[in-house]
Amino acid sequence: MKIRVQRKVEVWVEDIYHIDDESQIEDAINYDIDSDDSDTLWETQIDLGPVKVYDEDWNTLYSNVNE
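Conventions we followed
Residues numbered from 1 in each chain as written. Predicted model: local features only at pLDDT ≥ 70, side-chain atom pairs only at ≥ 80, totals over all residues. Heavy atoms only, no water. Helix = DSSP H or I, 4+ residues; strand = E, 2+ residues; numbered from the N terminus. Buried < 20%, exposed > 50% of the residue type's maximum accessible area, 1.4 Å probe, protein only.

Colleague: Lay out unusual backbone geometry with the relevant residues and their values.
Modeller: For residues other than glycine, phi is negative in most cases, and the peptide bonds are mostly trans. We note that Tyr31 has phi near 60°; this positive angle belongs to a residue other than glycine. If you trace the backbone, Tyr31 turns up in the loop between helix H1 (25-29) and strand S2 (37-55). Residue Tyr31 is classed as exposed on the basis of its relative accessible area of 65%. A positive phi angle, near 65°, is found at Trp58, a position not held by glycine. Note on placement: Trp58 falls in the loop between S2 and strand S3 (60-63). Residue classification places Trp58 among the partly exposed positions, given a relative accessible area of 46%.

This is the structure in structure tokens:
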């Protein structure tokens, strides 16, 4: 049997921007300018606990998520 386990996690994402001056820092923070590169820092991953498990047909087999 194949199952799908979905976990809610927290990770840090690093975006790299080329800016002309410090006035653009807030634009980068607010996604108002495009990043040159981006990386997901998986080593920072923290498991937040919520888990959903589905079978091959997307029927829920297990969930500890309160919706």
